[in-house]
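# Fold and geometry: a report
Spelled out from the first residue to the last, the chains are:
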Amino acid sequence: MADFFGFNTAMPGRQGGRVALNLEEQQELDRQVQKYALETGEDFEIYDYGETYDNLADDLEETRDDLNDETFGDVQRDEGTDFDFARNTRQVAPALKKEEELYIQQNDIAAGGRRSSFASLWENDAAGQQDNFNKGLPEPSHAASSIWGSFSNTTAKVQDPVFGVGTFLSRNTGFGNNQPSLEEIEAQLSRTAGGQAHMQMPSQQERKMMSLEEVEAALLNINGGRPIYSEAMIAEQQAKQARLEQRRAERMAKQAEIAKHNGLMTQGDKDFINRIQISQLVTDDPYADDFYCQVYTALRNRHLQQMGVPSNSMGGDANGQNDNNRRRGGNGRTEQRIQQQVQKIVSDAKRNPKRTNVTVEGALGKIAVNSVLNPRQLLQVSKRGANEASGGNSPKTSSPGPVSTKSHTVLGWIENVYTYVLALEQKRRQQPPPPRMGEEELAREAIQRWNEEYGILARKMWDELRITVPIGIVHPHPFISILNYSKGKKVIPRVLRHLLPEQTLTLLTMLVANFESLNVCKAEVYADVQGNQEIELFMNTIVPPLLGFVSETPFRIVVGLLALFIERNNMIWVARSKPGLAFLTLFLSRAEILKQGQGNYPIPDEREVNQWNELYNRLFSQLQTQFSALFMPKATMTEDVHVWRFLAAMAVGASVDQQHVLVTEVREQVLENVIAAQATRSAPEKAAQRIANVNLFLHALGLDASQVSVPAM
Amino acid sequence: MLFYSFFKTLVGQPVTVELKNDLAITGVLVSVDQFLNIKLDNIKVVDEERYPHMLAVKNCFIRGSVVRYVQLPAPSVDTALLQDAARRERQQPAAARR
């Protein structure tokens, strides 16, 4: 018997273990299937596994089942109704049917209607096996067929690992040609895989290769179109082609070699590595940790803007990491992702500050956690010495008694000045924004606090400059000692930006009062290159900002400054130095401008003018007989400009007698220059420079170089 | 971080890197990291006769620890700013340095 507990054990769709449908049968089956589909109106699908079934079951032992009846008993004889599941099932068939419908509906929603109705699936096979059922079962019930259907569906799932459980065979209407073509499988696979990238890559590569071949073909066409002159040429072309071919093969091999490692790391892995790298470099305060790069970039951008070159995107970045990324040309999405990661890392770092060493419980030692920011300390400088140095520095600020001017002390002062200047500049950058609507109160508070902090720093810097130390306690004055170092000179323009006007005036007064002791005032500095560099530095750093300051002072102060200048310094010495002459010129020209009543300043009254004239006469009488000595021996004519300028400033304010003295004294220099300019061998621009220099002076007297008659040799 | 910050501004500039094995390589600085590992492009070895095997090399990655000197293009170094940066670095208390 082919019965098992009253079930028909013959597999559906198989007779005697073999699928034996001839063409007519198949067509008949097809027709029935379509008819059923029309009748039920269902989305009809065929899960065909007949063709792909590997007939493994054929090898199973079908004989020696003689004792089955003894083991399981003769079901025909004393069957009873214990195992008549079909009948039981039929009783609850309507309920089952309903349940199944519900399930299908749910499934349709979930799977987007990909799954077919199980019942229909079974029915279509059942159509072919109608007689079998009629024999074995009392009557095919809907519920029973449903159960079978679900069973056959699972077998389809198991048996079709290649095609998956999808519905990709739905397009094939017949059984005969339902083996899908390779392309269809591929398309189906790529569709079910959700169009993943790895499925499409080979086809893209193929396309690329095709295009390369096309290019080659095109090249060959061009070659073919050319008239061929000789055998050698053909051979050459062939060789070239072979070479190209070989190179292409090599390139392909190399690409394949590299491509072998493609996709080894996922995006997550790459992000992880990036994070490690960036977390080492990123900082929450770029002006502290990345100061050079930040300021350098800002300066360069400003410079480029001044040059008229539009600044690139690097400008205004608060974070140095940005421009780095941008320079590398990463695409927008990657950049954004990195940006987010950077922010996360920064906030993480803020939350838990890194420790320098870790003590593991139970361990005998400590584990040092060194990083780039916190390297292992190799030098152990004793704390005691550092304390002494700082302790020795600070009291001097308050008690100016034992002020020493040893070089390292002065250098220490200068460094302290720099420290405060940097702090002030940092404060300037952190200036609170102007108040927004509704937050005036808050903003005012912030601004007030900022002003206080700024004021404290500015005062500390002012103290460190030691300008207020009384004159005469030490020689040279501490402030002058600071100015005697090039470092100290360089810091002055930056200091002046943070000073109040009266502080600047004090600074200028102190400088003027001690001018003689400046090293740039001494004659010997002109002898060597380094001395000249110092003078150049003084002229470039200290003179311009003070010139700007003096050009806004009232007459009274100019008079006072010049009086102090003449009083406290040997004019003959000072006037021989370039900076000294520059300051004298500055005061003289400023006084002259104010005397003539230019600008918004009131014309000085009688008393002030008298004071001024007195001062001028004193200066003139001191310098008399020395005017020609102001010219540097062997100086080139461009270096003389400042002397001519000074002479012009003197000439403007001079009386007729004084003018006469002036002209007599510098007559030789004027003649020398005019003769040199007229000499045929000198270059025209040099000659023009000489004439312009002389004219600076002569114009102040109401004369011109062209009026100078050169005495015959 | 001062040196890293400094070298970052030199990206795209030609530099000469002298290694501890006396090899000196001139090239355009491509990138630098916190260990002062250096990537160079369009490289040229200064003493080509001595190192002919380097002729074919077009770009390279140099581990920071093998660098002896880096020769910089003078115009692209702001020494005053570098001094300020060094001052700032010193000012930061060691504890604040992560």
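These numbers were taken from a predicted model, which means no experiment stands behind them. (Residues numbered from 1 in each chain as written. Chains lettered and ligands numbered in written order. Predicted model: local features only at pLDDT ≥ 70, side-chain atom pairs only at ≥ 80, totals over all residues. Heavy atoms only, no water.)

## A short note on the overall build of chain A
Which entries qualify depends on this criterion: Runs of E in the DSSP output that reach at least two residues are strands. Runs of H or I that reach at least four are helices, and both are numbered from the N terminus. Each residue gets one of three labels from its accessible area relative to the maximum for its type: buried under 20%, exposed over 50%, partly exposed in between, using a 1.4 Å probe on protein chains only. Areas reported as accessible are Shrake-Rupley estimates using a 1.4 Å probe. Residue values count occlusion only from the protein chains shown.
Helix and strand content of chain A: 30 helices and four strands. Across the 713 residues of chain A, 34% fall into the buried class. Accessible area of chain A: about 44500 Å², with a carbon and sulfur share of 54%.

## Things to note about the packing of helix α26 (residues 578-595) of chain A against helix α28 (residues 641-653) of chain A
All names here are of chain A. Selection rule: Helix axes are fitted to C-alpha atoms over the stretch in contact, other axes to C-alpha atoms as well, and angles between N-to-C directions run from 0 to 180 degrees. Take the far helix as your reference; a near helix turned counterclockwise from it by less than a right angle gives a left-handed crossing, and one turned clockwise gives a right-handed crossing. Every residue pair with non-hydrogen atoms within 4.5 Å of one another is taken to be in contact. Amino acids are sorted into nonpolar (Ala, Val, Leu, Ile, Met, Phe, Trp, Tyr, Cys and Pro), charged (Asp, Glu, Lys and Arg) and polar (every other residue, Gly among them).
Look at α26 against α28: their axes get within 9 Å of each other, and the N-to-C directions meet at 30 degrees. Where α26 crosses over α28, the two elements pack in a sense that is left-handed. Across the interface between the two elements, Lys 578, Leu 581, Leu 584, Thr 585, Leu 588 and Glu 592 of α26 pack against His 642, Val 643, Arg 645, Phe 646, Ala 649, Met 650, Val 652 and Gly 653 of α28. When the residues that make up the contact of α26 with α28 are grouped by side-chain class, the tally is eight nonpolar, three polar and three charged.

## A few points about the UniProt feature "coiled-coil region" (unreviewed entry) in chain A
Heads up, the condition is: UniProt positions are given in the numbering used here, feature names are shortened, and annotations may be inferred rather than shown by experiment.
Mapped onto this numbering, the UniProt entry annotates "coiled-coil region" (unreviewed entry) at residues 232-259 of chain A. Span residues 232-259 of chain A is 100% helix and 0% strand, its end C-alpha atoms 40 Å apart.

## Digging into unusual backbone geometry
Residue and element names in this part refer to chain B. A positive phi angle, close to 75 degrees, is found at Asp 22, a residue other than glycine. Within the fold, Asp 22 resides in the loop between β1 (14-19) and β2 (24-32). The exposure class of Asp 22 is partly exposed, given its relative accessible area of 48%. Phi at Leu 36 takes a positive value of approximately 60 degrees, unusual for a residue other than glycine. Relative to the assigned elements, Leu 36 resides in the loop between β2 and β3 (38-45).

## What to know about the nonpolar core
What counts, and what does not: Buried residues of nine kinds, namely Ala, Val, Leu, Ile, Met, Phe, Trp, Tyr and Cys, make up a nonpolar core once their side-chain atoms join them within 4.5 Å.
If you look at the biggest cluster of nonpolar residues, it comprises 86 residues, and the most contacted ones within it are Leu511(A), Phe565(A), Phe583(A), Phe627(A), Phe646(A), Leu647(A) and Phe697(A). Core analysis: the second largest hydrophobic core is formed by 31 residues, Tyr296(A), Val17(B), Ile43(B) and Ala85(B) among them.

## Considerations on the environment of Leu457(A)
Residue and element names in this part refer to chain A. Note that Leu 457 resides in helix α18 (residues 440-465). Take Leu 457: its relative accessible area is 16%, and that puts it in the buried class. Considering only alpha carbons, one finds Leu 457 and Ala 423, 34 residues apart in sequence, at a separation of 7.4 Å.

## Side note on the packing of helix α27 (residues 606-623) of chain A against α28(A)
Packed helices, taken two at a time, are described by the angle between their axes plus the distance between the axes. All names here are of chain A. Cut-off, in case you're wondering: Roughly parallel means an angle under 35 degrees; roughly antiparallel, over 145; roughly perpendicular, 65 to 115; everything else is oblique.
Two elements in contact, α27 and α28, have axes whose closest approach is 11 Å; the angle formed by their N-to-C orientations is 130 degrees. In terms of orientation, α27 and α28 fall into the oblique class. With respect to the hand of their crossing, α27 and α28 are arranged in left-handed fashion. Of the residues in α28, those touching α27 at Tyr 616, Leu 619, Phe 620 and Leu 623 are Phe 646, Met 650, Ala 651 and Gly 653.

## Focus: the pairing of β3(B)
Residues and elements named next belong to chain B. Let me state the cut-off plainly: A pair of strands counts as paired when DSSP detects no fewer than two bridges linking them.
The pairing of β2 with β3 spans six bridges and is antiparallel. The partner of Val 32 across the bridge, within β3, is Ile 38. Linking β2 back to β3 in an antiparallel pair, the connection comprises five residues, with Leu 36 at a positive phi of about 60 degrees. The pairing of β3 with strand β4 (residues 60-62) spans three bridges and is antiparallel. Residue pairing for β4: Leu 40 is matched across the bridge by Cys 60.

## Points about the pattern of salt bridges
To keep it simple, the criterion reads: Within this document, salt bridges are pairs made up of a side-chain nitrogen of Lys or Arg and a carboxyl oxygen of Asp or Glu, the two lying within 4 Å of each other.
A full pass over the atoms with the stated rule returns 16 salt bridges over all chains. Between Glu415(A) and Lys487(A) there is a salt bridge, with the nearest N and O atoms lying 2.7 Å from each other. In this pair, Glu415(A) sits in helix α17 (residues 407-429) while Lys487(A) sits in helix α20 (residues 486-496), placing the two residues 72 residues apart along the sequence. Note that Lys489(A) and Glu534(A) form a salt bridge whose closest N and O atoms lie 2.4 Å from each other. One end of the pair, Lys489(A), is in helix α20; the other, Glu534(A), is in helix α22 (residues 529-541), and 45 residues separate them in sequence. What emerges from the salt-bridge pattern is a single network uniting Glu415(A), Glu425(A), Lys487(A), Arg494(A), Asp84(B) and Arg87(B).

## Describing the packing of aromatic side chains
All names here are of chain A. Selection criterion: Each pair of aromatic rings taken from Phe, Tyr and Trp, with Trp reduced to its six-membered ring, is defined by centres within 6.5 Å and is described as stacked if the planes are under 30 degrees apart, edge-to-face if over 60, and tilted in the remaining cases.
Summed over all chains, the structure comprises 13 aromatic pairs over all chains. Ring plane angle 80 degrees and centroid distance 6.0 Å describe the contact between Phe 565 and Phe 587, whose orientation is recorded as edge-to-face. In this pair, Phe 565 sits in helix α24 (residues 555-568) while Phe 587 sits in helix α26, placing the two residues 22 residues apart along the sequence.

## Concerning a negative patch on the surface
Quick note on the threshold: Patch rule: a residue counts if its relative accessible area is over 30% and it has no salt bridge; like charges are joined within 9 Å, and nonpolar side chains (Val, Leu, Ile, Met, Phe, Trp, Tyr) within 5 Å. Under this rule, positive means Lys or Arg and negative means Asp or Glu; His and the chain ends count for nothing. Where a charge lies is defined by one atom per residue type: Lys uses NZ, Arg uses CZ, Asp uses CG and Glu uses CD.
The grouping of Asp65(A), Asp66(A), Asp69(A) and Glu70(A) at the surface amounts to a negative patch. Positionally, Asp65(A) belongs in the loop between α1 (23-40) and α2 (68-72).

## Some remarks on the confidence of the model for chain B
Cut-off, in case you're wondering: pLDDT gives the predictor's per-residue confidence on a scale running from 0 to 100.
Per-residue confidence for chain B gives a mean pLDDT of 89; residues scoring 70 or more make up 94%. Per the prediction output, this complex has pTM 0.58; the corresponding ipTM is 0.86.

## Examining the pairing of β2(B)
Residue and element names in this part refer to chain B. Here β1 runs beside β2; their pairing, made up of five bridges, is antiparallel. Considered in β2, the bridge of Val 17 is made with Ile 25. The hairpin formed by β1 and β2 contains four residues between the paired strands, and Asp 22 there has a positive phi angle of roughly 75 degrees.

## Some words on the sheet that holds β2(B)
The strands making up a sheet associate through hydrogen bonds between their backbones, and the pairing can be parallel or antiparallel. Residue and element names in this part refer to chain B. As summarised here, the arrangement of the five strands in space is β4-β3-β2-β1-β5, forming an open sheet in which the pairing is antiparallel. If you trace the sheet from one side to the other, it starts and ends with β4 and β5 (67-71), each paired once. Here the strands of the sheet are splayed against their neighbours by 45 degrees on average, with no regard to which way each runs.

## Some points on the environment of Gln669(A)
Residues and elements named next belong to chain A. With respect to the secondary-structure elements, Gln 669 resides in helix α29 (residues 656-678). Taking the C-alpha atoms as reference, Gln 669 lies 7.5 Å from Ser 628; in sequence the two are 41 residues apart. In contact with Gln 669, not counting residues within four places along its chain, are Ser 628, Phe 631 and Trp 644.

## Describing the side chain of Asn484(A)
Residue and element names in this part refer to chain A. Rules: Pairs of N or O atoms are called polar contacts if they sit within 3.5 Å, as long as, within protein, a hydrogen donor faces a hydrogen acceptor (for residues adjacent in sequence, only side-chain-to-side-chain pairs).
Mapped onto the elements of the fold, Asn 484 is located in the loop between α19 (478-483) and α20. On the accessibility criterion, Asn 484 (19% relative accessible area) is buried. Among the polar contacts listed, one links the side chain of Asn 484 to the backbone nitrogen of Asn 519, at a separation of 3.0 Å. What Asn 484 contacts, discounting residues up to four positions off in sequence, is Lys 489, Ser 517, Leu 518, Asn 519 and Glu 534.

## Remarks on the confidence of the model for chain A
All names here are of chain A. In the predicted model, chain A carries a mean pLDDT of 72, and 61% of its residues have values of at least 70. Per-element confidence in chain A is highest for helix α10 (residues 231-259), whose mean pLDDT is 92, and lowest for helix α14 (residues 320-328), whose mean pLDDT is 42. Note on residues 112-141: pLDDT under 50 across the span, and 60 contacts to partners over four residues away in sequence or across chains.

## A short note on a nonpolar patch on the surface
A cluster of nonpolar side chains, Leu264(A), Met265(A), Phe272(A), Ile273(A) and Ile276(A), forms an exposed patch at the surface whose accessible area comes to about 510 Å². Overall, the relative accessible area of 48% leaves Phe272(A) in the partly exposed class.

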